[in-house]
Amino acid sequence: MYHPTTRVLAVLELLQTHGRLSGVEMSARLAVDPRTLRRYIVTLEEMGIPITTERGRHGGYALMAGFKLPPMMFTNDEALALAIGLLAARSLGFAEAAPAVASAQAKLERIMPANLKRRVRAIDETVRLDMIRAVAPRDNDALVTLSSAALAQQRVCLRYRAPDGGETERDFDAYGLAFRGGCWYVTGLCHLRAGMRSFRIDRVVKVEPRPVSFARPAGFDALGYLNQSLAVMQREHAVDVLLHTDLKTASAHFHGALGVFDQAPDGVLLRCTTDDLDWFAGHLAGLPFDFAVRAPEQLRTSLAKLAERLLRMAGTLR
């Protein structure tokens, strides 16, 4: 249900968009009776918005000719943030995002000064974000419901489809949502497995609120938890490497999600798992600092094979 203030603003938006509307049409659009609509009109008039009223059966409402709301005063940096934000929203895998972004941008442009309008359009027409791998949820409902449940700390019933097509249902306490690797995830306490779990939102079949509340851990970082849980996920090989650098540099070169980093007296200790030691060896070979492999022995073999291949390609070995 809409808050009265929201509907007052909706009345103003309708008048700005359509110029003139009959009382019957406005009441229908807002799902209110004519008397309630009239109260909203009076509220706008008390705020200093000049509205002309035509009485009678076919009467209506319109903003006074020539009236425009004062332009929003954005700094150049604020205008840039808005433009990039709208562009990102369209690229992050939101279902049906493009129409919503276009509508939001049109509303902003109607009240923006000409110079800021040009800046926003320039960003939209010339900037592209590399998010082509984004996987869109089937619709926005799951994302909106889960984010609302996380904020309200309200339990939900979540039906989930696994990659093999099998479906399971569980009660779930959503602690937070995160976007990683082109996908949206929700992280929280799964009551089916009695432990913390993360689920891809594009695989959520159905989500319904439960009349049960929960307490979210203070300061919970959904993206941080997701990164760490993926880094320590069980894979074929456990890797232990000492990186001869500082923690900040190590995290930057491994994008903070490939493994778990611990400060050590002589560098940074990286612990992670992988199914492909040859791929991991290639990643290590591209680092701008030295390292020492502690485990497994097969990783040393993969590095040696890679070194021989590079030397052969460089013409040193025959």
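Residues numbered from 1 in each chain as written. Predicted model: local features only at pLDDT ≥ 70, side-chain atom pairs only at ≥ 80, totals over all residues. Heavy atoms only, no water.

For the protein chain, an unreviewed UniProt entry supplies the name WYL domain-containing protein and the organism Massilia genomosp. 1.

Asker: Which parts of the structure should I look at to understand the side chain of Asp240?
Answerer: Along the polypeptide, Asp240 turns up in strand E9 (residues 237–243). One buried charged residue, Asp240, remains without a salt bridge, the closest side chain of opposite sign being Arg271 at 4.0 Å. The residues contacting Asp240, other than those within four sequence positions of it, are Leu269, Leu270, Arg271, Ala292, Val293, Arg294 and Ala295. (Helix = DSSP H or I, 4+ residues; strand = E, 2+ residues; numbered from the N terminus. Buried < 20%, exposed > 50% of the residue type's maximum accessible area, 1.4 Å probe, protein only. Lys, Arg positive; Asp, Glu negative; His and termini not counted. Salt bridge = Lys/Arg side-chain N within 4 Å of Asp/Glu carboxyl O. Contact = heavy atoms within 4.5 Å.)

Asker: What am I meant to see in the pairing of strand E7 (residues 195–200) here?
Answerer: Regular strands place side chains that alternate from one sheet face to the opposite one. Relative to E7, strand E6 (residues 183–190) runs antiparallel, the two sharing six bridges. Paired with Tyr185 across the strands is Arg200, a residue of E7. The hairpin formed by E6 and E7 contains four residues between the paired strands, and Ala194 there has a positive phi angle of roughly 55°. (Pairing = 2+ DSSP bridges.)

Asker: When you look at the nonpolar core in this model, what are you seeing that I'm missing?
Answerer: Within soluble globular proteins, side chains that are nonpolar generally end up buried alongside one another. With 18 residues, the main nonpolar core has Val241, Leu243, Phe280, Leu284 and Leu299 as its most contacted residues. Every element with two or more residues in this core is listed here: E9, strand E11 (267–274), helix H10 (277–285) and helix H11 (297–313). The element best represented in this core is H10, accounting for four residues. In this view, Val241 contacts Val268, Leu269, Leu270, Phe280, Leu284, Phe291, Ala292, Val293, Arg294 and Leu299; residues no more than four positions away in its chain are not counted. (Core = buried A, V, L, I, M, F, W, Y, C linked by side-chain atoms within 4.5 Å.)

Asker: Would you take a moment to explain the pattern of salt bridges for this structure?
Answerer: Working definition: two side chains of opposite charge can pair if their charged atoms are close together. Across all of its chains, the model carries 12 salt bridges by this definition. With its nearest N and O atoms 2.7 Å apart, the salt bridge here joins Asp173 to Arg155. Here Asp173 is found in strand E5 (residues 167–180), whereas its partner Arg155 is found in strand E4 (residues 154–161), with 18 residues between them in sequence. A residue is classified by how much of its surface remains accessible, and Arg155, at 17% relative accessible area, is buried. Two residues, Glu297 and Arg300, come together in a salt bridge whose shortest N-O distance is 2.7 Å. Linking Glu297 with Arg300, this pair stays in helix H11, spanning three residues, or about one helical turn. Given the relative accessible area of 33%, Arg300 is considered partly exposed.

Asker: Looking at this structure, how should I read the sheet that holds strand E10 (residues 260–264)?
Answerer: Backbone hydrogen bonds hold the strands of a sheet together, and the pairing may be parallel or antiparallel. The four strands lie next to each other as E10-E11-E9-E12, forming an open sheet whose pairing is antiparallel. Of all the strands in the sheet, just E10 and strand E12 (291–295) have a single pairing partner and so form its edges. Taking the axes of each pair of neighbouring strands and ignoring which way they run, one obtains an average angle of 25° across the sheet. Two elements, E9 and E11, share seven bridges in a ladder whose sense is antiparallel. Within the sheet, the bridge partner assigned to Val239 lies in E11 and is Cys272. (Axes fitted to C-alpha atoms, helices over the stretch in contact; angles between N-to-C directions.)

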